[in-house]
Amino acid sequence: MSDLTPQSDAPTPTTDKITQAARETIYLCNFRVSVDGEWLCLRELNDISLTPDPEPTHEDPKDPIAIERLNLMNMAKLSIKGLIESALNLGRSLDSDYAPLQQFFAVMEHCLKHGLKVKKTFLGQNKSFWGALEVVEKLCPEAGEITVSVKDLPGLKTPVGRGRAWLRLALMQKKLSDYMKALINRKDLLSEFYETNALMMEEEGAVIAGLLVGLNVIDVNLCMKGEDLDTQVGVIDFSLYLKDGAHSSKSAEGDGHITAILDQKNYVEELNRHLSATVNNLQAKVDALEKSNTKLTEELAVANNRIITLQEETERIKENAFYCDSTRKKMEVGKPDGNAEGLVPRPSRQGTDDVHTETRKQLKEETQLRLEVEKELEVQIGMKQEMELAMKMLEKDICDKQDVLVTFRQQLDDVQALNHELSQKLQGSDNVIRQKNEIITRLEEKANQMSCTIKQLERSENDLVKQARSLNTAAGKLVQRH
């Protein structure tokens, strides 16, 4: 910038062009903006050797106007791409408070202001892109509605405000790309408003118009206020773009990976809880079955004892019955022998009938008791068989439950191992996030340093403007003296 001092008394066209460029946005003339992948690189022109960019340019790579066009095109690429990605991630219509949308309008305003011709009026010099936008009405009849709406908006008092309102209405109509293409194709009409080396007159303008096609996929709902459009200052916030996009995408992927890990961890914990509840239920069932088994064993022992007792009683009853039968037979056999020989006195008939009646009665009772004991014995034997069958089924069920319990314990061990592994991965992800936060902090510090540098350059720009004005004044005085 120290080489801007004119070598002649009168201002030359080169001096006027450099002074005009100095009045533009500070990054246009003191920085070179380049896009390396997803990076936004800002480098001072005095600190680097200028090399041609991949984009085809016909001018000298050291030409500051060409560098300004390239810078604006790169900024437009970043702003349009960032707006589309953020809008798709947001998933709803955008409003006027959305920061990427505001930055897009600021970048478009700078693109339309680049290389404007200065019109002199009785109020002073005027530079506005509203006149160029009014031409679109002649090229595209459907743009007449936008122009009429802008002129009817209350509160708009400046051409700059009308131009900003036109951009917002065209974006809401999803016709901004079509209007810009139609305008850029008519360079004969644009030459009235722009210099020959302006962005709208070169191929960078066509590239930006092509990039605007992607904005048709987003929905915008803006509430325009005339006072805000007239008074707002379109300043580009470089902090939104001074980030590693690849790093951000990796961060998003890392966040998504962490979210998936957390979901898996929650699922495993829920599964672990269900398995623990199932194990507890099975353990309770096993305990209940063991108690039932013990109770059934005790009942079986009691039944066995009763069966033994009944068997002893049955044997005793059989012996009594056998004794009664033998006694009766002996009595029947001994009765005719005594009568024949006359050796044994003959008992009385009444006594014999009583004995027989009592014996028959006792025999009948014993027989009935025997039948009852046999029936009860059969019932007890059937119960014993059923209890043995139930015991076998219970033992089989217990074996199956124990196998299932072993399987559940193995699954629980696997789940605990997986939970431990996920916890380690989560700790690693936390470390990665911490590193990313540190990187972001360093980038913010660099952005603050860049802001300080920009402020210093603004002050130097003001000094340069003052010097240029003083030089113009001195040149005018010299001309008057001559």
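No experiment lies behind these values; they were computed from the predicted model shown.

## Considering the overall build of the protein
A count of helical and extended segments in the protein gives 14 helices and four strands. Counting only residues that meet the buried cut, the protein has 33% of its 482 residues in that class. A separation threshold of at least 6 residues defines the contact pool for the protein, and within that pool the share at least 24 residues apart is 74%. With the model as given, the accessible surface of the protein reaches about 30,400 Å², and the carbon-plus-sulfur share is 53%.

## Examining helix α8 (residues 159-172)
For α8, with 14 residues, the first-to-last C-alpha span of 20 Å sits near the 20 Å given by 1.5 Å per residue. Where burial is concerned, most of α8 is hidden: eleven out of the 14 residues are buried. Among all positions of α8, only V160, G161, G163, R164, A165, W166, L167, R168, L169, A170 and L171 are buried.

## Description of empty space enclosed by the protein
As enumerated under the stated definition, the model contains three cavities of 30 Å³ or more in all. Taken as a whole, the second largest cavity encloses approximately 40 Å³ of empty space. Looking at the second largest cavity, the residues that line it are M108, C111, L112, M180, I184, L199, M200, G205, I208 and A209. Classifying every residue of the lining of the second largest cavity by side-chain character gives nine nonpolar, one polar and no charged.

## A closer look at helix α4 (residues 99-113)
In this model, α4 (15 residues) spans 21 Å end to end at C-alpha, consistent with the 21 Å of a helix rising 1.5 Å per residue. With eleven of 15 residues buried, α4 is to be regarded as a mostly interior element. Residues L101, Q103, F104, F105, A106, V107, M108, E109, H110, C111 and L112 constitute the buried set of α4. Buried residues along α4 sit in contact with α3 (64-90), α5 (130-134), α8, α9 (176-184) and α11 (203-211).

## A look at the pattern of salt bridges
Taken as a whole, this structure holds ten salt bridges when the rule is applied. Through salt bridges that share partners, E109, K113 and R164 make up one connected network.

## Observations regarding the packing of aromatic side chains
On inspection of all chains with the given rule, the structure shows two aromatic pairs. Centroid distance F104 to F105: 5.5 Å. Interplanar angle 55°. Geometry classified as tilted. Judged by relative accessible area, which is 6%, F105 ranks as buried. Plain terms: the ring middles of W166 and Y179 are 5.8 Å apart, the flat faces sit at 45° to each other, and that makes the pair tilted. In this pair, W166 sits in helix α8 while Y179 sits in helix α9, placing the two residues 13 residues apart along the sequence. For the pair W166 and Y179, one class covers both residues: buried. Positioned above the aromatic ring of F105 is the side chain of R168, whose terminal nitrogen or guanidinium carbon lies 4.1 Å from the ring centre.

## Comments concerning unusual backbone geometry
Unusually for a residue other than glycine, K174 sits at a positive phi of about 60°. Tracing the sequence through the fold places K174 in the loop between α8 and α9. Residue classification places K174 among the partly exposed positions, given a relative accessible area of 32%.

## Remarks on the confidence of the model for the protein
Residues of the protein with pLDDT of at least 70 account for 76%, and the chain-wide mean is 76. Per-residue pLDDT stays below 50 along residues 46-59; that stretch engages in 23 contacts with residues further than four places along the chain or on separate chains.

## A word on the nonpolar core
The nonpolar side chains of a soluble globular protein tend to be buried, and buried together. The biggest cluster of nonpolar side chains holds 60 residues, and the ones touching the most others in it are L101, F104, W166, L176, Y194, M200 and L215. At the level of secondary structure, the elements contributing two or more residues to this core comprise α3, α4, α5, α7 (144-152), α8, α9 and α11. The biggest single contributor to this core is α3, with nine residues. Those residues in contact with L215, other than ones at most four positions away along the chain, are I80, L83, I84, F104 and L171. Within the second largest apolar cluster, nine residues are counted, among which are I261, V279, F408 and V415.

## Overview of the environment of V406
Note that V406 resides in helix α14 (residues 349-481). On a C-alpha basis, the gap between V406 and V279 in space is 9.7 Å, while along the polypeptide they are 127 residues apart.

## A look at the packing of α3 against α11
When two helices pack together, their arrangement is given by the angle between the helix axes and the distance between those axes. For the pair α3 and α11, the least separation of the axes is 10 Å and the interaxial angle reads 5°. One element, α3, and the other, α11, form an angle in the roughly parallel class. Between α3 and α11, the residues in contact are R69, L72, M73, A76, K77 and I80 and E204, V207, I208 and L211, respectively. Along the lines of polarity and charge, the residues of the contact of α3 with α11 split into seven nonpolar, no polar and three charged.

## Points about the packing of α4 against α8
Between α4 and α8, the shortest axis-to-axis distance is 11 Å and the interhelical angle comes to 125°. On the basis of the axis angle, α4 is oblique to α8. α4 and α8 meet at a crossing whose hand is right-handed. Taken together, the residues of α8 that come into contact with α4 (itself represented by L101, F104, F105, M108, E109 and L112) are V160, R164, L167, R168 and L171. A class-by-class count of the residues in the contact of α4 with α8 yields eight nonpolar, no polar and three charged.

Cut-offs used in this document
- Residues numbered from 1 in each chain as written.
- Predicted model: local features only at pLDDT ≥ 70, side-chain atom pairs only at ≥ 80, totals over all residues.
- Heavy atoms only, no water.
- Helix = DSSP H or I, 4+ residues; strand = E, 2+ residues; numbered from the N terminus.
- Buried < 20%, exposed > 50% of the residue type's maximum accessible area, 1.4 Å probe, protein only.
- Contact = heavy atoms within 4.5 Å.
- Areas by Shrake-Rupley, 256 points an atom, 1.4 Å probe, with all protein chains shown as cover.
- Expected span 1.5 Å × (residues − 1).
- 1 Å grid on protein atoms, 1.4 Å probe; cavity = no way out; pocket = protein on both sides within 12 Å on 5 of 7 lines; lining within 4 Å.
- Points joined across faces, edges and corners; volume = space filled by probe spheres on them.
- Nonpolar A, V, L, I, M, F, W, Y, C, P; charged D, E, K, R; others polar.
- Salt bridge = Lys/Arg side-chain N within 4 Å of Asp/Glu carboxyl O.
- Phe/Tyr/Trp six-rings, centres within 6.5 Å; stacked < 30°, edge-to-face > 60°.
- Lys NZ or Arg CZ within 6 Å of the ring centre and 35° of its normal.
- pLDDT = per-residue confidence, 0-100.
- Core = buried A, V, L, I, M, F, W, Y, C linked by side-chain atoms within 4.5 Å.
- Axes fitted to C-alpha atoms, helices over the stretch in contact; angles between N-to-C directions.
- Parallel < 35°, antiparallel > 145°, perpendicular 65-115°, else oblique.
- Left-handed = near helix turned anticlockwise from the far one by under 90°.

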